Every structure is written in structure tokens, then in C-alpha cells.
Amino acid sequence: MARRIQVLPDVVANQIAAGEVVERPASVVKELVENALDARASRVEVAIERGGKRRIRVSDDGVGMGREDALLCMDRHATSKIAAAGDLQGIRTFGFRGEALPSIAAVSRLTLDTRDAEEEVGTRVLVDGGQINSVEDLPRRRGTTVEVRNLFYNAPARAKFLKSVSAETRVISEAMTGLALANPQVTFMLTSDDRSLLDLPAVDDAAARVGQVWGADQSSTLILASHSENGFDLKGLVQRPDAAKPGVRRSYLFVNGRPFRAPQLVKAAERGYRTTIPEGVRPWMFFYLQVPKGHVDVNVHPAKAEVRFKEWPLIEMLVEDAVRSALEGEESSATFDTQLAAPPLVVREGSTGPVAPSPDTQMALFMAGAEVPHEAEDPNGAAAAPELEPGATRARLWQVLHTYILAETRDGILIVDQHSAHERVLFQRLMDSFERGGEVGQRLLFPLTIRLTQTEVEAVVDLEGLLERAGFEVEPFGGDTVIVHAVPNPHRYFDAERAFREMIEELTHGSELVRSAKNQHERIAMTFACKGAIKAGQKLSGAEMQELFDELFATDLPHHDVHGRPTIVRLSKGELARKFGRT
Amino acid sequence: MNFTITRQNLHNGLAAVSASIPSKTTLPVLSNILFEAKEDAVWMSGTDLDVAVRVKVPADVKELGRLTAPGKKLQEITRELPEQPVEVATRGEQIELKCGRSNFKLNGLPADEFPSLAEVDFSEGWTVTGKDVNGLIHHTTFAVSTEESRPILNGVLWELREGSMRMVATNGHRLARMGVPAESGGAPSADFIVPPGALQHVQRLFKDDDTIEVARSGNHLGFRADSTEVYTRLIEGTYPNYDQVIPRDNDKVATIDKKALESAVRRMAVVASDQTHRIRLKFEPGRVHLNVLTPDLGEGHDELEIGYEGEELEIGFNANYLLEVLRYMPTDEVDVAFKAPERAVTIEPSGDNDIDYLCLVMPLRLLD
């Protein structure tokens, strides 16, 4: 009787594996570049033709391979990166499955040129559809070059699913960009049909790499966001709220130097941004996460685009807190300055081995930067007020156009929008007092009798408890009339009736602001802040300006108002000097 | 126009008038003072269009005439002049000052450009004493509203009645009301709502022993004594029925030493919230406890011995409102009357006197 079950020949097994690992040209590029990085390359050059369908060539100046290794690496699950299952827990290299090269080789015509430091002459291995055709000597410098031609020539079903040349090129470029952002200290080059798509010489830090890719005017909108907890260390660059725009978002996440996708972390970052940006705006973000050995599983998927963390909630909180505390600082405020330096962020030193520099050295790197924030964060978490002119016990404040407050600081000028600033103050105050039971209501000698529409009256009835805790004591009076017996008294120019009417109108009919709130408390606090704050055009006394200024800097997010607009715009002495030609 | 005047008289006249000149204006003539040289005296006028001040200053007039000249500059020059007669004359559209060897010419503007002051017929009006009017102004004006949505409350209500007059001011959170007996001299009853700025000029310019004539013309009110006149625009509208909201049934009355209460409240206010200024007063027989608890800041406690026999009651207050009211109370002891924690509290001078003065403070809601 003939045997039904057969052990597949390696070639077939590799073709099947290729189906998982090698999906399209970009996966080839990704696998080969990751190999180059694992080989501690300082320079990775990629050349593609016809979107990688005709040819992909990846060369590096890494450690290279000797002849034996060069042959062995064509076997499936041959890898230099792990030796036993236990090693998987602490993966620090990109590749480890030993699948990449044989899988790629199985579906293409592949040339591997390599030499390591110990051999005098290099090796060229020619593979065709997984079969090694020849092995020959080759003079070359240290490093490895892999050339992949006619991808999927022997897998027509897969070839059919490839997209257009331009689409495949775009995906390759995107994959390269991710790897380049993760490894700023490595030079990356990408050419497509002899056209240069990426030309990224090695730089010191991540922000500089962002600048290389998207321009310095983009990287200068980034601020540092970092947070550490329980050995989890997050360093990141996020966009200043005033620079964030709707449209294409650049969000890149890396764990231990490996790019990955995680929509829930982008959402966590957005939670951190809450109330500082308008609805629909998509701030850029780059996060570099270092997690302790054994807390991340990257072996979820052969392409390793997704990773699994043991503590998702902790990671999400890390991201949210990092963003939130970045937005507390003065660096996050809007500015008139045109020549901002991007903040230095060193993300990865060397491509193998334990990567995270100790917190101390990393801190030292921040401190050494030219544009390091000069005031440390307040230990109890409140943002520190900007240092004012030395010698002045109180800020010298001027009101301009009855709308803005000008303050002199050690580094230049702050322009504060009095309405936005007061909105932030009132929002935080009401949110805080919701937690403590509610805001104090001032009883009125002449209660307000207010006529509303039927739907507005219904909204008032629905919200009665919350309105009361916001300081409004409201009593339905029958029909379309309500009586307000007590109101909050946030400042001496407060027009309670108008604020109440406008609040109810906005709460009933909705608005962008109302929609951006996450719950009823926020909704009430936001509308109250918006309608109750000191208006533009209100003349303020020196003491009132001082009080507003002090209160603003006692809030968590003094630089951003609840509509996602800036409360403060900075003008540095450097920028003033430039404008006056003093530099 | 040509007259000679003592430096002191010129200085006094300018000081009286220039306080009514607006510091910033888009109408240049309002920065000027109008000089009118008449037979035996010179009249000086200044206005910001809401309030006008006009004073008569003795001078030796040689040539009649009118001219406006920059008020602040004239005041600064006059302050620095020696104590010698000053000769003032027009030179075309300039005003010339000569004093000893000093000589100044300042650019003026034609008198025709100066807004004409309200024409008030003082023969049909009221007569009041400076002492009465100033007393009412002093004790009530502090309570006007600073919020501009209800212009009526930005003014002081002045009620003139047969045999008495009253002033009332409120911002809806607290109220001050004072009355004095007054002879109307047969003039009809009237209610005016007067901007507090005008009343401050009245208080500043009229002395207690002045007899002031008051008369109305259209929506303007005029005040006049010998050599001084103040005119003001009146706020139009109906003042809310304040009398109706003053409680008559506040049956719990505490008699408290004003100074002791003031300083205890001031101490509590230090720890009160910057926004609400909320403190709590808990009354019990013979004693009041003052408490303040501000999250993020801390707490304070104080107590005073008082005359009180009623039941225990706790009321929340804006400390600033209490302090304001206490500041103007003219007696050493005050009667604080109340009924329930959410009802209006009245404060009146205590003891045997005929002072008709009542302040009212609305409480803050207590949340527990």
C-alpha cells in the first residue's frame, strides 16, 4: 500500500513558509534590513527596481558571514540569534525565526554576497527557487549584500496579488522609514529605479531623523514626552498642540527598537492630548518603548508587525501620562519662534545587546542639549510658572487690547489670551470640585427668571443635579420658565444669566466643544468654562491680571485651553534678536 | 480772554475739574478744560460726556472770553509755578500763562467744540445738605455691581421723599441701604439711578456744610453749591423692587462686636478659596464659630463670644462681602439677623440709635 503521508521536501516547505513571511516586496526589504541591523550595520543601502518586483538589493557594512554560515543560513530555522526556546523571552534582535532568508530564496532568484572579518575572501551563494546553484569566492569588503530578483517568479498565484509598482514602492518606503526612525544612528539609503527616495545619513537622535524625513519645520514642532514606571521606559516625541493638524497622522511605535502597530496606544496618546487639541486634529507621535526582558512577545506573527505585552493597561497609561506631562510644560505652548531646535532624543545605541542606556545617562543626554527646558517640573506635578525677570518678585504684566496679557520672562515674552487662560482655570476648578462634591453657589437676592425652549427645559431637568454641583441652583417654574436661585461667582464681571443661557443652549444643541468631552462632568465644566470665563475686551486691573496669571500656572495644562487652542504664545529673546537683526 | 488769578486759585480750580477729564479719549477736546472768563470770576469745566464738573474761581478779569486748553498740562505747569499772580490770556487759539518770569503758550481748541453741559433749572428741585448726601454716598456706593449686563445695578438708587431720602446699591449678592430725614422743601418725590462715578465727584467736591441744590432735566441730574456744579447722566430704567427682598422675618439676631468679627473674618479669609472666599459661621447660644476649609490649602477655625439666644444655625458667606459690609457699619456692635441657611442675612448697627442703615448679604450654599 502506498504511503499517503509524505514529508515535504525543503523546497516546498520553504515555499509555504514564504507565504507567511514574504507577502510582498516590502516584506523582503523589511526582513533583509532587519538582518542588516542585527548584523550591527552602520549603513544600510536598499535599491529596488519596479517596486521590488524585478529586483531588491540590500547591502550593509555589518559583521557579515563566513562561508559555512552563508550556506547554513539558507536552511530553515537556521539562525545565529537564538539557540533555545528560552531565548525567545528576551529577544533583542529583529530576526530570530531563521525563516527569512530561506523563505525569500524559495520564491526568487537570490544572490548572497558576504564576508566576515575573519575570512580573507568573501562568499557568493546563488540560489534559484530555493536550490543552491553555486557557491564561489568573491572579493568584497566586510558585510553582506543580498540581491533578490524576480520575486514570486515560481509562485504566480502570489505574484498576481502584487499591487502597482508605485503602490509597492510606497509600502517599501514606509517600511524603511519605520526602521530608519528606530535607528537614527544608522545611515539609510533607498533608491528606486535609480531615483533616490530616502537619503538619511546617520544622526545622533530621533528628532533629527524625523527632520531628515519630513523636514526641520516638522521636527521642530515636536516636544519630548517621556515616562518610566516599573522598569518600563517610554521616550517619545509628540507634536505641540498648536502645530497639530487634521489629515495624515504620522504615528510610529517602537518596542525595544522594533516597529510595531498598536491602535490602542495611539488612542492612549490621544487621551493624553484631551482638551488641548480640537476634535479631528491628529498630532504626530513617535514613541520608543523599552520594556524589561520577558514582558513583550514579538513572536505573534511572522512579520512581527504586532506584538503582545503582558501589561497592556500599564503601557497605555505610560503613553497617556507621557503625553500629558509633556503638555504641562512650557515647551508645549504655541510660539512665534521660527527657528526652533528639535529636542534631542537618543533612542538606541548600537543595534544589538541590551539597549536601554541607564536612566542617568539618558537624563544627562537631555540636559546636555542646547534647547533643554530650563525649569524642572514641579515635584507635585503642577507645571512650573515660567521664570520671570530676575529681581522682579511679581511678573510685570501688561494688558493689550483688553484681550491679551503680556508677561516678561527670563527668556523673552509670553502672550496670554485672557479668555482662553481663564477657561482653563475654570475648567480645572470645576472638574476638581466635582470630585469633592460640587462648586459653591452664591444665592441671589433677585433670582433669575429665564425662559427657555421646551427642549432646553428638558435638558435643564436632566442635568439638574450636575448643574447644582456646578453652582447653579435651578428650579423649573412650569412651562418654559426656570428660576435660578444661586449661581457660581467666578469673577466680578461674571454675567450669570447670559452664561447660564449660553451653557444650556450649547448643552442642548451640541457643539464641537461638547462633542469633544468624554463625560457629562467634562461637558458641563467645558461649557461653563467657555461661557463663564472673562471675556476678551474686558479691561483688567493689575491685581486681576496677576491673579489670573497665578491661577493659570496652578492648573495642570496652563498652555492649552479647553477648545484645543493655545492659551499662551511664546516669543523668545532669540527670535526677537533675529527679527531685529541682532544675530 | 484775559484775567489774572492767584496761583492757588488756579491750582484749586484745575484740580477740581481735571479729575473729570477722561485719561484716554478719541475726542481731543475732552482732554481740555473749558475756560470762561465772566465779569468777576472764571468758570472752568471738564467732562467725560457722562459726568461734567464746573467750578467758579475768583479772578481779576480784564477781558471776557472763552477757550479750551489741555487740562493735564496746565495742571502740571501750575503745580510748579511760584506763589505769584498768574496772568492768563488767549493768543489766537493758544492760551498764554505768565507768572513772574515764566511764560507758557499752549495750543488750545475753540470753545465751540466743547460739548455743552446739561441745562438744568435749579429753581425746580430739591435742597439737601452736603453732610446728608455724602453720608449716603459713603455708606452705599461700595455695593454697586461691576458686571455690565444689568446697567441698572451699576448705579445707586436715590429716593427723594417727603421728609426723607434714601440711597440703595446692590449687585444681587449683597445690598446696602441708608436713609436720612430730609426736608424736601415741597418738591415732589423722585427716584434717580445715579452712576457711582458722579457720586464720587459729589463726595469729593462738596463739603459737609454745603447746601446743595439738586435738580433734574431730562435724563440729567445737576448738583450745585456756591461755586461748584456737577452734572451727570442718569441711568434709565426701573430699579428692581429691593424692598420686597429685604426679609422682615429674620427672627434670629446675634449682636456681635464689629471689630472682633471683622478681624476674625479677615483671618479666616486668608485660608478661604481665592475664588469663592467661602467661610462658614456657625451660631449657637452665646457663641459664633468661624470655620474655613479649602481643599488643597487647609483649614482654619475661630470663635467669638456674642449675644445670641437662638437655635444653632450654620451659614456660608463670601468673606469679602462680609468684610465690606462691616467696614461701613458706623457702630461698635452690629446686629446680624437671619432665619435659615439659604436666606438673606441682614446686618444693622446695633444699640439705641436712629441710624437707618441696613446691609444684606446673600449666603453661599453649603455643600456637605
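Read on for an overview of the structure. Since the structure is predicted, the reported quantities are computational estimates derived from the model, not experimental observations.

## Structural notes on the overall build of chain B
So, point 1. Along its length, chain B carries 7 helices and 25 strands.
So, point 2. At a minimum sequence separation of 6, the contacts of chain B that also span at least 24 residues come to 66%.
So, point 3. Surface summary for chain B: the accessible area is close to 16600 Å², and the carbon and sulfur share equals 46%.

## Notes on the pairing of strand S5 (residues 131–138) of chain A
Residues and elements named next belong to chain A.
So, point 1. Across 7 bridges, strand S4 (residues 122–128) lies against S5 in antiparallel orientation. Note on S5: the bridge partner recorded for Asp128 is Gln131.
So, point 2. In this antiparallel pair of consecutive strands, S4 and S5, the connection spans 2 residues, and Gly129 shows a positive phi of 60°.

## Here we look at the interface of chain B and chain A
So, point 1. In this complex, chain B contributes 27 residues to the contact, which on the side of chain A involves 23 residues.
So, point 2. Around 2400 Å² of area is buried between chain B and chain A when both sides are counted, 55% of it from carbon and sulfur atoms.
So, point 3. A per-residue breakdown of the area chain B buries against chain A is headed by Thr146, Gln275 and Arg365 of chain B, which together make up 31% of the total.
So, point 4. Scanning the region where chain B abuts chain A turns up 2 salt bridges.
So, point 5. Taking the shortest distance from any N to any O, the salt bridge between Glu473 of chain A and Arg365 of chain B comes out at 3.5 Å.
So, point 6. Run the count over chain B and chain A and you get 10 residue pairs in polar contact (both at pLDDT 80 or more).
So, point 7. Here the side of chain B that touches chain A is composed, by residue class, of 11 nonpolar, 9 polar and 7 charged.

## Overview of a negative patch on the surface
So, point 1. Where like charges cluster on the molecular surface, the negative patch consists of Glu68, Asp69, Glu118, Glu119 and Glu120 of chain A.
So, point 2. On the basis of relative accessible area, Glu118 of chain A is assigned to the exposed category, the value being 75%.

## Quick word on the packing of helix H14 (residues 496–509) of chain A against helix H16 (residues 520–532) of chain A
All names here are of chain A.
So, point 1. Between H14 and H16, whose axes approach to 9 Å, the crossing angle comes to 135°. One finds that H14 runs oblique with respect to H16. In the crossing of H14 with H16, the sense of the turn from one axis to the other is right-handed. Across the interface between the two elements, Ala499, Glu502, Met503, Glu506 and Leu507 from H14 touch Arg523, Ile524, Thr527, Phe528, Lys531 and Gly532 from H16.

## Quick notes on the packing of aromatic side chains
Residue and element names in this part refer to chain A.
So, point 1. For the coordinates displayed, the defined rule picks out 20 aromatic pairs over all chains.
So, point 2. Pairing Trp214 with Trp284 gives two aromatic rings, centres 5.4 Å apart and planes at 70°, and the pair type is edge-to-face. One end of the pair, Trp214, is in helix H7 (residues 206–214); the other, Trp284, is in the loop between helix H9 (263–273) and strand S13 (285–290), and 70 residues separate them in sequence. Residue Trp214 shares its accessibility class with Trp284, and that shared class is buried.
So, point 3. For the ring pair Phe494 and Phe528, a centre distance of 6.2 Å and an interplane angle of 70° mean the geometry is edge-to-face. Pair noted here: Phe494 is in the loop between strand S22 (481–487) and H14 and Phe528 is in helix H16, with a separation of 34 residues, a long-range link.

## Section: the sheet that holds strand S2 (residues 32–37) of chain B
Across a sheet, strands are paired by hydrogen bonds formed along the backbone, either parallel or antiparallel in direction.
Residue and element names in this part refer to chain B.
So, point 1. Strand order in the open sheet formed by 8 strands is S6-S2-S3-S4-S17-S16-S15-S10, and the pairing between neighbours is antiparallel. Strand pairing shows two members of the sheet lacking a second neighbour, strand S6 (65–70) and strand S10 (126–129), which therefore form its edges. Put simply, the sheet's adjacent strands are angled 20° from each other on average, direction ignored.
So, point 2. In this sheet, S6 lies alongside S2 in antiparallel orientation, the contact comprising 6 bridges. Looking at the pairing, Leu34 lines up with Thr68 of S6.
So, point 3. Along the sheet, helix H1 (residues 7–18) contacts S2, strand S3 (41–47) and strand S4 (51–58); its crossing angle with S4, the most-contacted strand, is approximately 170°.

## Some details on the sheet that holds strand S1 (residues 2–5) of chain B
Residues and elements named next belong to chain B.
So, point 1. Taken in spatial order, the 5 strands line up as S5-S1-S7-S8-S9 in an open sheet, and their pairing is antiparallel. A single partner strand is all that each edge strand has here, and the edge strands are strand S5 (60–63) and strand S9 (102–107). When the angles between neighbouring strand axes are averaged without regard to direction, this sheet yields 20°.
So, point 2. Two elements, S1 and strand S7 (residues 86–91), share 4 bridges in a ladder whose sense is antiparallel. Residue Ile5 lies in a different strand from S7, and its bridge partner there is Val86.
So, point 3. Docked against the sheet, H1 engages S1, S7 and strand S8 (94–99), running at close to 105° with respect to S1.

## Describing the nonpolar core
Where a protein is soluble and globular, its nonpolar side chains tend to be buried together.
Residue and element names in this part refer to chain B.
So, point 1. Grouped together as the largest cluster of nonpolar side chains are 99 residues, with contacts concentrated most on Phe3, Phe35, Met44, Trp158, Phe223, Ile279 and Phe283.
So, point 2. For this core, the element with the highest residue contribution is helix H7 (residues 319–328), accounting for 7 residues.
So, point 3. Those residues in contact with Phe283, other than ones at most four positions away along the chain, are Ala254, Ile256, Val288, Ile306, Tyr308, Glu311, Glu312, Leu313, Ile315, Val336 and Phe338.

## Some thoughts on H7 of chain A
All names here are of chain A.
So, point 1. When H7 is considered as a whole, its buried residues turn out to be Ala206, Ala207, Arg209, Val210, Gly211 and Trp214.
So, point 2. With a side-chain oxygen lying 3.0 Å from the backbone nitrogen of Ala207, the N-terminal cap of H7 falls on Asp205.
So, point 3. One or two steps after H7, the chain reaches Gly215, where phi turns positive at roughly 100°.

## Points about the side chain of Thr145 of chain A
All names here are of chain A.
So, point 1. Position of Thr145 relative to the elements: it lies in strand S6 (residues 143–149).
So, point 2. Polar side-chain contacts of Thr145 include one of 2.9 Å to the side chain of Arg140.
So, point 3. Beyond its immediate sequence surroundings of up to four residues, Thr145 is in contact with Arg57, Val58, Ser59, Thr111, Leu112, Asp113 and Arg140.

## Here's the deal with the environment of Pro102 of chain A
So, point 1. Examined against the element boundaries, Pro102 of chain A turns out to sit in helix H4 (residues 100–106).
So, point 2. Using a relative accessible area of 1% as the deciding quantity, one classes Pro102 of chain A as buried.

## Some remarks on the pattern of salt bridges
Any two side chains of opposite charge can pair, so long as their charged atoms come close to each other.
Residues and elements named next belong to chain A.
So, point 1. Inspection of every chain in the model, using the stated rule, returns 51 salt bridges over all chains.
So, point 2. Put simply, Glu49 and Arg55 hold a salt bridge, and the shortest N to O gap is 2.9 Å.
So, point 3. Take Glu49: its relative accessible area is 22%, and that puts it in the partly exposed class.
So, point 4. Between Arg240 and Asp242 there is a salt bridge, with the nearest N and O atoms lying 2.9 Å from each other.
So, point 5. On the basis of relative accessible area, Arg240 is assigned to the buried category, the value being 7%.
So, point 6. Connected through salt bridges with shared partners, the residues Glu49, Arg55, Arg57, Glu147 and Arg149 form a single ionic network.

About the criteria used
- Residues numbered from 1 in each chain as written.
- Chains lettered and ligands numbered in written order.
- Predicted model: local features only at pLDDT ≥ 70, side-chain atom pairs only at ≥ 80, totals over all residues.
- Heavy atoms only, no water.
- Helix = DSSP H or I, 4+ residues; strand = E, 2+ residues; numbered from the N terminus.
- Contact = heavy atoms within 4.5 Å.
- Areas by Shrake-Rupley, 256 points an atom, 1.4 Å probe, with all protein chains shown as cover.
- Pairing = 2+ DSSP bridges.
- Buried area = accessible area lost by both parts, 1.4 Å probe.
- Salt bridge = Lys/Arg side-chain N within 4 Å of Asp/Glu carboxyl O.
- Polar contact = N/O pair within 3.5 Å; in protein donor to acceptor, adjacent residues only side chain to side chain.
- Nonpolar A, V, L, I, M, F, W, Y, C, P; charged D, E, K, R; others polar.
- Patch = residues over 30% accessible without salt bridge, like charges linked within 9 Å, V, L, I, M, F, W, Y side chains within 5 Å.
- Lys, Arg positive; Asp, Glu negative; His and termini not counted.
- Charge placed at Lys NZ, Arg CZ, Asp CG, Glu CD.
- Buried < 20%, exposed > 50% of the residue type's maximum accessible area, 1.4 Å probe, protein only.
- Axes fitted to C-alpha atoms, helices over the stretch in contact; angles between N-to-C directions.
- Parallel < 35°, antiparallel > 145°, perpendicular 65-115°, else oblique.
- Left-handed = near helix turned anticlockwise from the far one by under 90°.
- Phe/Tyr/Trp six-rings, centres within 6.5 Å; stacked < 30°, edge-to-face > 60°.
- Core = buried A, V, L, I, M, F, W, Y, C linked by side-chain atoms within 4.5 Å.

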